[in-house]
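Remarks on the overall topology
So the chains spell out like this:
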Amino acid sequence: VRELTLEEKAALVAGGGFWNTLAIGSAGIPAIVVSDGPHGLRTPKEHDQLGLGSSVAATCFPPATGIASSWNRELVEEIGVALGLEARTEGVAVVLGPGVNIKRSPLCGRNFEYFSEDPVVSGELGAAMVRGLQGTGVGASLKHFALNNQETNRMMVSAEVDERTMRELYLRAFEIVVTREQPWTVMSSYNRINGVYATENRWLLADVLRAEWGFEGLVLSDWGAVDDRIAALVAGTDLEMPGPGPASDREIVAAVRAGTLEQEVLDKSVSRVLRLVEQSATAGADYDERTHHALARRAATESIVLLRNEADLLPLAAAQPVSVIGEFARSPRIQGAGSSQVNPTRVDTALDALAEFAPVRFAPGYSLVQPIDDPALHEEAVALATESDVVLLFVGLPDGDESEGYDRTHLDLPAPQVRLIASVTAVNPRTVVILTNGGVISLEPWHDSAAAILETWLLGQGGGVAIADLIFGVASPSGRLAESIPFRLEDNPSYLNFPGEGNIVRYGEGVFVGYRYYETADVAVRYPFGFGLSYTTFSYSNLTVSRNGLRVGVTVTNSGPKAGSEVVQLYVSPPMDGVRSPRRELREFSKVVLNAGESARVQFELTRRAFSRYDAAAGQWVVSGGDYSVQIGRSAHDVELEATVTLWGSRPPVRLSLDSPISDWLANPITGPLFRRGGAEGSSEGGVNLVEMVSSMPMRRLLRVPGVPLRAGQVKVLLTLANSRVLKGIARLFSK
Ligand code: BGC
């Protein structure tokens with residue numbers, strides 16, 4: 001850094017082009033290349049700046065929305081390794097992913113690029129991907145930091161969120177990945193957070209990311225996210241992408257000369273850029289396309305969720321003739337649109353894959369090019385369904401419905417497809433509906449008419465074979481929903497506040513995102529978070545929880561006739577402590593593979609965080625003292641086993657002052673008992689509890705009420721006693 005001129009430094013903190021850092025030959029600094037994206041490599045071909053849709057061929061793994069349903073850390077790590085090898089083959093130093101934003105609303109157009117509505121699932125799978133990727137010597141770029149939960153107005157909108165909600169929900173997945181895996185880079189997002197752009201957000205980038213979480217890498221901006229370059233540098237956005245050109249360099253130079261940007265700040269960012277360049281592997285690699293395609297298939301198989309299987313229609317017997325209806329079977333939609341779009345090395349279609357198992361007849365049923373009613377296609381499909389023993393009906397959202405850059409406005413399938421489901425199921429009750437969609441869709445009003453439903457999300461290039469394997473029972477479905485499927489869009493907790501108005505979106509539902517809301521408010525959903533069927537059954541027994549709550553064990557048994565995988569989900573339900581919290585929250589999970597009749601003991605190691613919530617007033621994570629229920633659930637809604645553990649609290653004592661309400665004086669371990677002994681609790685008049693009535697009144701004002709049997713002098717003494725640490729410590733010991 002010392003050898004560089006000010007001009008060179010200013011130039012180095014911006015990209016040297018769309019996809020690379022700047023090279024300074026005279027200083028021996030090479031450029032490094034970065035590429036999208038989370039589920040496969042999108043390396044633009046030469047002379048093609050954006051490279052949308054026509055990048056160098058790469059393996060298209062299932063997008064996050066699919067792979068999240070696998071709940072399989074090892075599998076995601078393997079994909080990370082594969083991405084790393086492909087990146088090295090193409091000379092790419094940093095892969096722009098994973099994206100761990102929380103799915104706040106099912107409408108977010110980019111939900112297919114994100115894992116879950118839950119931060120533990122998002123964080124654990126994001127961490128697994130970073131682990132795999134960085135293990136090959138290629139950097140990750142954890143994105144989009146932070147609160148980028150919609151596409152509408154994404155460059156301007158301010159997410160208005162309270163700190164507890166940020167810490168517990170929206171920052172948590174990032175925290176898990178950063179503290180555990182140290183991604184080489186973090187990408188600051190387009191939006192503002194409580195009025196301040198993420199790229200200029202000192203609290204986010206300096207205080208939380210670096211100081212609290214110990215992030216040591218480089219922060220780069222999302223493409224075009226920098227609004228004010230100097231403010232962004234000061235806040236901690238080291239590298240602006242893509243390179244905005246010499247005017248920006250001059251601005252930085254001028255700011256240093258004018259003293260509005262400290263030289264030290266610039267130097268720090270420069271040194272981070274240099275470290276990233278140094279860190280980057282120079283040696284290439286090679287990968288076997290077929291091996292990666294096989295991994296993409298395996299990943300797709302684990303991404304599919306069996307939602308419904310009436311009378312065990314699935315799996316079909318070998319060689320069972322089937323009618324396949326729906327254009328998606330022939331022209332699969334394997335991923336979403338936008339910057340993450342991979343140009344796949346090959347694509348399996350379900351139509352071809354099914355034909356390997358059994359005689360297949362096909363009718364497209366609808367057109368994906370013209371999403372309007374086509375009576376001829378409709379009738380042909382219904383005629384075929386009438387003559388068939390079993391129908392495999394492929395429906396889903398067409399390409400244009402989901403993309404980076406815009407959100408959906410409803411959850412419905414295209415109307416011609418809904419009509420097709422109605423007609424086909426009316427003539428053939430043995431119909432399996434196979435869904436293709438990146439974000440959650442409504443299963444209404446046709447749900448009950450389908451004998452079986454497979455939610456396949458978006459499966460990447462190996463999806464066709466994966467679907468056929470599950471239908472004919474080569475594998476048992478093992479996916480579990482990483483997001484709730486509501487009955488109606490209006491049931492979703494963000495409904496009234498999505499996507500906001502006038503550059504503001506208020507996260508009014510607070511921490512009650514997804515199942516955290518449905519379970520707490522008792523709102524029925526079509527399928528809960530964590531749900532998924534299998535071709536076998538599992539039972540649970542012998543739940544043990546250590547006295548401090550941190551070691552949990554449970555036995556899971558494959559009690560059915562076939563081998564299969566179960567996702568063991570551990571939830572914690574907190575005591576009522578006056579702060580409204582979700583009824584239960586996922587704290588850990590583990591996927592186990594079991595043969596028929598086999599059992600396994602699953603052990604979880606928790607940390608105190610599993611029992612904590614963020615106390616914004618105290619500025620720290622706190623554990624409330626009381627009874628916690630540790631639960632093993634088949635989903636967020638179906639608890640199988642539970643055990644209670646009583647924990648000591650770590651809530652910082654509330655300091656009393658004359659402004660403290662009477663309720664705080666009563667809750668205080670010193671003054672509370674004194675007041676109660678003084679008869680405070682019994683005082684009532686005409687059936688009205690007087691203490692309750694004044695509980696929110698500050699002491700200062702109570703003292704002014706005529707006739708109150710308290711004097712200012714007494715209160716002063718009480719204050720000193722109440723805030724004495726020693727006395728409080730003793731009182732807490734005795735209160736247990
Ligand atoms: C997206 C990022 C992506 C970048 C580069 C942006 O529009 O938000 O996710 O990595 O473009 O393509």
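The structure we're discussing is the one just above.
Residues numbered from 1 in each chain as written. Predicted model: local features only at pLDDT ≥ 70, side-chain atom pairs only at ≥ 80, totals over all residues. Heavy atoms only, no water.

**Quick word on the pattern of salt bridges**
We count it as follows: By definition, a salt bridge exists where a carboxyl oxygen of Asp or Glu is found within 4 Å of a side-chain nitrogen of Lys or Arg. Secondary structure elements follow DSSP: runs of H or I no shorter than four residues count as helices, runs of E no shorter than two count as strands, and numbering proceeds from the N terminus. For the exposure calls, accessible area comes from a 1.4 Å probe over protein chains only, and a residue counts as buried if that area is under 20% of its type's maximum, exposed if over 50%, partly exposed in between.
Under the definition given, this model contains 47 salt bridges. Notably, a salt bridge pairs Glu-483 with Lys-103, separated by 2.7 Å at the nearest N-O pair. One end of the pair, Glu-483, is in the loop between α16 (463-471) and β15 (485-486); the other, Lys-103, is in the loop between β2 (94-95) and α4 (119-135), and 380 residues separate them in sequence. Lys-103 matches Glu-483 in its accessibility class, with the two residues each being buried. Between Glu-181 and Arg-131 there is a salt bridge, and its shortest N-O distance comes to 2.7 Å. With Glu-181 in helix α6 (residues 172-181) and Arg-131 in helix α4, this pair connects stretches of sequence that are 50 residues apart. Relative accessible area serves as the criterion here: at 28%, Arg-131 is assigned to the partly exposed category. Linked through salt bridges whose partners overlap, the residues forming this network are Arg-110, Glu-113, Glu-151, Arg-154 and Glu-404.

**Here's the deal with the site of the ligand**
Our working definition: The nearness test applies per residue and asks whether one of its heavy atoms lies within 4 Å of the molecule or strand. Under the rule applied, a polar contact is a pair of N or O atoms within 3.5 Å (in protein, one hydrogen donor and one hydrogen acceptor; residues adjacent in sequence only if both atoms are side-chain atoms). Only the protein chains shown count as cover for residues, and all accessible areas are computed by the Shrake-Rupley method using a 1.4 Å probe. Here the term charged refers only to Asp, Glu, Lys and Arg, the term nonpolar to Ala, Val, Leu, Ile, Met, Phe, Trp, Tyr, Cys and Pro, and the term polar to all other amino acids, Gly among them.
Among the 14 residues in the neighbourhood of the ligand, the closest are listed as Asp-36, Arg-110, His-144, Asp-222 and Glu-404. Lys-143 places a polar side-chain atom, nitrogen or oxygen, 2.9 Å from an oxygen atom of the ligand. Tyr-190 is positioned with one of its side-chain polar atoms (N or O) 2.9 Å from an oxygen atom of the ligand. Look at the ligand: alone it shows 310 Å² of surface, and the protein chains cover 94% of it. For the shell around the ligand, the residue count by class is five nonpolar, two polar and seven charged.

**Comments concerning the nonpolar core**
The cut-off we apply is this: Remark: nonpolar core denotes a set of buried residues (Ala, Val, Leu, Ile, Met, Phe, Trp, Tyr, Cys) joined through side-chain atoms within 4.5 Å. Note on contacts: a residue pair is in contact if any heavy atoms of the two residues lie within 4.5 Å.
The biggest cluster of nonpolar side chains holds 72 residues, and the ones touching the most others in it are Phe-145, Leu-147, Leu-171, Leu-209 and Leu-586. Take this core: its biggest share by element is eight residues, from α4. With near-sequence residues (within four places) excluded, Leu-209 lies in contact with Phe-145, Val-178, Val-186, Leu-204, Gly-214, Phe-215 and Val-219.

**Here we look at the packing of aromatic side chains**
Each aromatic ring pair is specified by the distance between its two centres and by the angle formed by the two planes. The criterion, for reference: For Phe, Tyr and Trp, rings pair up if their centres lie within 6.5 Å, where Trp contributes its six-membered ring, and each pair is then called stacked (planes under 30 degrees apart), edge-to-face (over 60) or tilted (otherwise). Lysine NZ or arginine CZ positioned within 6 Å of the ring centre and within 35 degrees of the ring normal marks a charge as sitting over the ring.
Applying the stated criterion to the full structure yields 16 aromatic pairs. Note on Trp-665 and Phe-675: the rings are 6.2 Å apart at their centroids and 10° apart in plane angle, and the pair reads as stacked. With Trp-665 in helix α18 (residues 662-667) and Phe-675 in helix α19 (residues 671-677), this residue pair connects regions lying 10 residues apart in the sequence. Trp-665 gets classed as buried once you look at its relative accessible area, which sits at 0%. Each residue in the set Trp-71, Tyr-515, Phe-529, Tyr-571 and Phe-589 is aromatic and connected to the rest through ring pairs, giving one cluster. In this structure, Arg-192 packs its charged tip against the face of Tyr-197, placed 5.8 Å from the ring centre. One cation-aromatic arrangement involves Arg-609 over Trp-621; the distance from NZ or CZ to the ring centre is 3.7 Å.

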